[in-house]
Amino acid sequence: MSHRLDESDAPWPARPWVMAAICALAGLAFHLTLDWRYAPNMDPGRNAFAAFLTVSTLVFVLGVELRRWTWALGFALAWGAVIALIVWTSIGYNVNASVFEWPFWSGLLAVLVATPLFQTRRDVAPDWRFWKLWQMPYERLHSHAWTDAVIGAAALAFTGLTFLLVLLIGQMFELIGIHLVMKLFEQGWFPWMLAGAAFGGAVGLLRERDRLVSTLQRLVMIVLAVLAPVLAVALVVFLLSLLGTGLTKLWDSGFSTAALMMAAAAFAVLLANAVIGNGKEDRAANRLLQGAAAVLVAAVLPLAAIAYYSMHLRVIQYGWTPERLWGVTAAMIALAYGFAGLWAVVRGRLGFDDVLRPLQQKLAIGLTLLALFLALPIVDFGAISTRDQLARLQSGAVKADKFDWAALAFDFGPDGRAALKDLAKSADRNRAKLADWALKAKDRWDLQTPDGLQSLRPLEEMVRILPSGRLVPKEAYDVLRVTGPCRNKACILYFLHEERIAVVSQDGEVSQLQRHPKTGEWIYDYSIRQDSVAAPAKVTEDQVRNGKVEVRDVTRRQFFIDGKPVGQDFE
């Protein structure tokens, strides 16, 4: 008896083993390509190839069927190449850039949305041509999207349980002196192969029983649908409350209003789709749930409008940055869905889902294309932000000492760094000094002060040296540039003797620099005695720079038993 949901898909008993083998080999290849056990490897080529391996494998394993398996292979390889290109360009974009920049997440979103579109087209298309995507059957498309989510989540959970089980087995054998399993975990290749085999095997097993998975999917949708009235009532009360309180409290809350509104809108879409199901026959019969789903869909528009307005205010106040450009883009996508949802509710009322489904399908296709376009190195948000911020600086809208030099150096890509080089040659000496200091910074934390504004002085100007006239060795300064409080706060360097310097921070903490007794190198030492009952007293920058500094002998009381100290000082 077949356990497949679609009778046109022949049973494939070997699928779990085949998928486990493919993912295990991909895990081994990933480890051989990129080993992060000891230090991050930011080589663009290796990271791009690792991304290609990961995305191609996951997309193929999640989407392949014996029927038209070459389509799935081509689709997976194409998306793997796209994500590899995105990773390649992202790593070299900013100084100290991470793989996981905004373009990467945009590309990943495009893959996630495109996969059920591909699966549906594979099932119904007469040939390989992918025209008229919007004419695909919505019921099958929606089912693929939810099934992929359920299988992916279940496979990840199974992978976690597999690791726990193998670790338990390893600890059991450790008790009797057999260390093989735990030693395997110390080898980089084993955890990756184990994770790959567990994930691939779970996906293969669940895909072969997708009729059972379909039942589980419906159960998940039923459970989520129960939450729809709760969120609907909460959103109605919240939006009505805003009529009395206004939007000012949202800006004063300390949280990101745009992020909260977008998250609420996303949950509203999720729960509404749980209620309306894959099609008319799958829609919840309870009229309360139907009404709640209509309210949720209609509420997306005001939530998206608030998020967009919040972003608009931030841009007016502080100008464009890549993060704000991505945020405004997300808000505009939410606005598009909000208008579509409101139109569906007005046209269909409680039967709004019949109008909404084809609109959601078109929006999904548009979202895939937009996310892919923005992820590729076509539109440079860093260049746009650089031009806007420079215009604000040159117009006087923002003063040089309030300008976000760290963003220009580390967030805006090559255009930001190029702008800093130009500003370093500026006739304005203060502006040139700040630009040069930002260019020399190794990371953005070198340009941060306690109140969040950029440091305007090099390290040598952040310290007060006592006794006066002493010279701090260059090697000691080099250590302080890497660690310690003097990078971003005023502090005192007090010579205790030639090879030992106390470091006193504005937070009242005392640490020390000292020469290593064997190598002679200057090292930072946090182990200076600080077991007093008195809490460290914070001091102002003015006190650090101009206050009277003393080193006093202090008598304390402590218990001794047979001449041995017991406990901490108590007086």
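Predicted, not measured: the structure shown is a model, and the values here were computed from it.

**Q** Account for the overall build of the protein chain, with residues named and values stated.
**A** In terms of regular secondary structure, the protein chain is built from 20 helices and seven strands. Overall, the protein chain is about 85 × 70 × 50 Å in size when its C-alpha atoms are taken along their principal axes. Looking at the protein chain as a whole, 44% of its 571 residues are labelled buried. Contacts spanning at least 24 positions in sequence make up 67% of the contacts within the protein chain whose residues lie at least 6 apart. If you sum the accessible surface of the protein chain, you get close to 30700 Å²; carbon and sulfur atoms cover 65% of it.

**Q** Please set out the packing of aromatic side chains residue by residue, giving values where relevant.
**A** One pass over the full model with this rule turns up 13 aromatic pairs. For the ring pair Phe100 and Trp105, a centre distance of 5.8 Å and an interplane angle of 25 degrees mean the geometry is stacked. With a relative accessible area of 48%, Phe100 lands in the partly exposed category. Summarising the aromatic geometry, the rings of Trp326 and Phe381 are spaced 5.1 Å apart at their centres and angled 65 degrees between planes, so their arrangement reads as edge-to-face. Placement of Trp326 in helix α13 (residues 322-348) and of Phe381 in helix α15 (residues 381-395) is noted, with a sequence separation of 55 residues between them. Of the two residues examined, Trp326 and Phe381, each falls in the buried class. Taken together, the ring pairs in this structure connect Phe163, Phe185, Trp189 and Phe190 into an aromatic cluster. Above the plane of the ring of Phe410 lies Arg417, whose end atom (NZ or CZ) is 5.8 Å from the centre.

**Q** Tell me about the side chain of Gln119, and please be specific about residues and values.
**A** Within the element layout of this structure, Gln119 appears in helix α4 (residues 102-124). Residues within four places of Gln119 in sequence aside, it is in contact with Leu62, Gly63, His144, Asp148 and Arg207.

**Q** Tell me about the pattern of salt bridges, and name the residues and values.
**A** The full count for this structure, using the stated rule, is 13 salt bridges. Ionic pairing is found between Asp123 and Arg67, a salt bridge with its closest N-O pair at 3.4 Å. Here Asp123 is found in helix α4, whereas its partner Arg67 is found in the loop between α2 (44-63) and α3 (69-91), with 56 residues between them in sequence. By relative accessible area, Asp123 is classed as buried at 14%. Between Asp478 and Lys474 there is a salt bridge, with the nearest N and O atoms lying 3.1 Å from each other.

**Q** Account for α3, naming residues and giving values.
**A** With 23 residues, α3 extends 33 Å between its outermost C-alpha atoms, agreeing within 8% with the 33 Å of an ideal straight helix rising 1.5 Å per residue. Of all the positions in α3, only Trp71, Ala72, Phe75, Ala76, Trp79, Gly80, Ile83, Ala84, Ile86, Val87, Ser90 and Ile91 are classed as buried. Lining the buried residues of α3 we find α2, α4 and α14 (352-375).

**Q** Can you break down the confidence of the model for the protein chain residue by residue, with the values?
**A** Averaged over the protein chain, the pLDDT score is 85; the fraction of residues at 70 or greater is 90%. Per-element averaging of pLDDT across the protein chain places strand β7 (residues 564-566) at the bottom with 73 and helix α1 (residues 15-33) at the top with 94. Contacts for the low-pLDDT stretch residues 450-454, under 50 throughout, to residues beyond four places or in other chains number 12 contacts.

**Q** Hey, could you go over the packing of α1 against α2 for me, with residue numbers and the actual values?
**A** For the pair α1 and α2, interaxial distance at closest approach is 9 Å and the crossing angle is 170 degrees. Here α1 is positioned roughly antiparallel relative to α2, judged by the angle of their axes. Contacts from Met19, Ile22, Cys23, Ala26, Ala29, Phe30, Leu32 and Thr33 of α1 reach α2 at Arg46, Phe49, Ala50, Leu53, Thr54, Thr57, Phe60 and Val61. Its residues assigned to classes, the contact of α1 with α2 shows 12 nonpolar, three polar and one charged.

Conventions adopted
- Residues numbered from 1 in each chain as written.
- Predicted model: local features only at pLDDT ≥ 70, side-chain atom pairs only at ≥ 80, totals over all residues.
- Heavy atoms only, no water.
- Helix = DSSP H or I, 4+ residues; strand = E, 2+ residues; numbered from the N terminus.
- Buried < 20%, exposed > 50% of the residue type's maximum accessible area, 1.4 Å probe, protein only.
- Contact = heavy atoms within 4.5 Å.
- Areas by Shrake-Rupley, 256 points an atom, 1.4 Å probe, with all protein chains shown as cover.
- Phe/Tyr/Trp six-rings, centres within 6.5 Å; stacked < 30°, edge-to-face > 60°.
- Lys NZ or Arg CZ within 6 Å of the ring centre and 35° of its normal.
- Salt bridge = Lys/Arg side-chain N within 4 Å of Asp/Glu carboxyl O.
- Expected span 1.5 Å × (residues − 1).
- pLDDT = per-residue confidence, 0-100.
- Axes fitted to C-alpha atoms, helices over the stretch in contact; angles between N-to-C directions.
- Parallel < 35°, antiparallel > 145°, perpendicular 65-115°, else oblique.
- Nonpolar A, V, L, I, M, F, W, Y, C, P; charged D, E, K, R; others polar.

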